[in-house]
Structures are given as structure tokens and as C-alpha cells.
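Each chain is listed here by its residues.
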Amino acid sequence: RADMNAVRAAGRSLNDLKSLTRRLDNERRSLTKNSALAALLVTVCRRVLPVRQIDPGELGEVPPSYDGYMQILDFYFFSDASLYC
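So, a few notes on the structure that sits alongside this text. (Residues numbered from 1 in each chain as written. Predicted model: local features only at pLDDT ≥ 70, side-chain atom pairs only at ≥ 80, totals over all residues. Heavy atoms only, no water.)

1. Some details on the overall build of the protein
Stage number 1. Helix and strand content of the protein: two helices and zero strands.
Stage number 2. For 85 residues, the compact-globule estimate of 2.2 N^0.38 gives 12 Å, and the C-alpha radius of gyration of the protein, at 25 Å, exceeds that figure by more than 25%.
Stage number 3. Seen through its C-alpha atoms, the protein measures out along the principal axes to roughly 80 × 30 × 15 Å.
Stage number 4. Here the protein holds 85 residues, and the buried ones make up 11% of them.
Stage number 5. Just so you have it, the protein exposes about 7600 Å², and 60% of that area is on carbon and sulfur atoms.
Stage number 6. With 12 positive and 10 negative side-chain charges, the protein shows a separation of 21 Å between the mean positions of the two kinds. (Helix = DSSP H or I, 4+ residues; strand = E, 2+ residues; numbered from the N terminus. Rg over C-alpha atoms; globule rule 2.2 N^0.38 Å. Buried < 20%, exposed > 50% of the residue type's maximum accessible area, 1.4 Å probe, protein only. Areas by Shrake-Rupley, 256 points an atom, 1.4 Å probe, with all protein chains shown as cover. Lys, Arg positive; Asp, Glu negative; His and termini not counted. Charge placed at Lys NZ, Arg CZ, Asp CG, Glu CD.)

2. Here we look at the pattern of salt bridges
Stage number 1. Across all of its chains, the model carries two salt bridges by this definition.
Stage number 2. Linking Asp25 and Arg28 is a salt bridge whose minimum nitrogen-to-oxygen distance equals 2.7 Å. Residue Asp25 and its partner Arg28 are located together in helix H1 (residues 2-48), separated by three residues, close to a single helical turn.
Stage number 3. Ionic pairing is found between Arg29 and Asp25, a salt bridge with its closest N-O pair at 2.6 Å. Of this pair, Arg29 and Asp25 are both found in helix H1, four residues apart, which corresponds to roughly one turn of the helix.
Stage number 4. Residue class for Arg29 comes out partly exposed when judged on its relative accessible area of 45%.
Stage number 5. One continuous salt-bridge network, built from bridges that share partners, spans Asp25, Arg28 and Arg29. (Salt bridge = Lys/Arg side-chain N within 4 Å of Asp/Glu carboxyl O.)

3. Remarks on a nonpolar patch on the surface
Stage number 1. A cluster of nonpolar residues, Leu37, Leu40, Val44, Val48 and Leu49, forms a patch on the protein surface that exposes about 460 Å² of accessible area.
Stage number 2. Position of Val44 relative to the elements: it lies in helix H1. (Patch = residues over 30% accessible without salt bridge, like charges linked within 9 Å, V, L, I, M, F, W, Y side chains within 5 Å.)

4. Quick notes on the environment of Arg29
Stage number 1. A polar atom in the side chain of Arg29 sits 2.6 Å from the side chain of Asp25.
Stage number 2. Side-chain polar atoms of Arg29 contact the side chain of Asn26, separated by 2.8 Å. (Polar contact = N/O pair within 3.5 Å; in protein donor to acceptor, adjacent residues only side chain to side chain.)

5. Things to note about the environment of Leu73
Stage number 1. Structurally, Leu73 can be placed in helix H2 (residues 66-76).
Stage number 2. As a C-alpha pair, Leu73 and Leu17 span 56 residues in sequence and 40 Å in three-dimensional space.

6. Thoughts on the environment of Leu40
Stage number 1. Here Leu40 is to be found in helix H1.
Stage number 2. C-alpha separation for the pair Leu40 and Val62, spaced 22 residues apart in sequence, amounts to 29 Å.

In C-alpha cells form, the structure reads like this:
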């Protein structure tokens, strides 16, 4: 009788683990799908949109933060920035 209770408890634990694994896998699929779609969008846009001419001096002072990082990305997105690297 004690063994049956242990088996039931182990079975419930395994079912919980299986449920958590499925949820994690679904979240992972969602993330990788969004990442793949974003990469495809950037690739298509680079082929279709003309290159934006930029002046690196216009970037100005960039704060050392996430906002500064996003400022740089926005400035150089689809630009001729490779000329200045």
C-alpha cells in the first residue's frame, strides 16, 4: 500500500514535469518563430529599400545605456554605416 502511494506521487510529479516541459517548448517555439520572422523581414527590407545616407556626426552624444544602444540602432538601421566601420 505504501509503495502504491509512492508510485502515485511519482506519477503526479512526472505529469507536472511533462506539463512544464510542454509549456517551455511552446514558449521557445514562439521566441524562435518571432526571431526568424524578424530576420526575414530585415533581409527583405535590405534588398528592397534604398540605402540611407548618414552623417556620423549627427549621432551626437550617446548615453551608455540600453536607450543609447537603441539610439545607435535607430540611427544606423538600413544605412551606409558599413562605410564608417
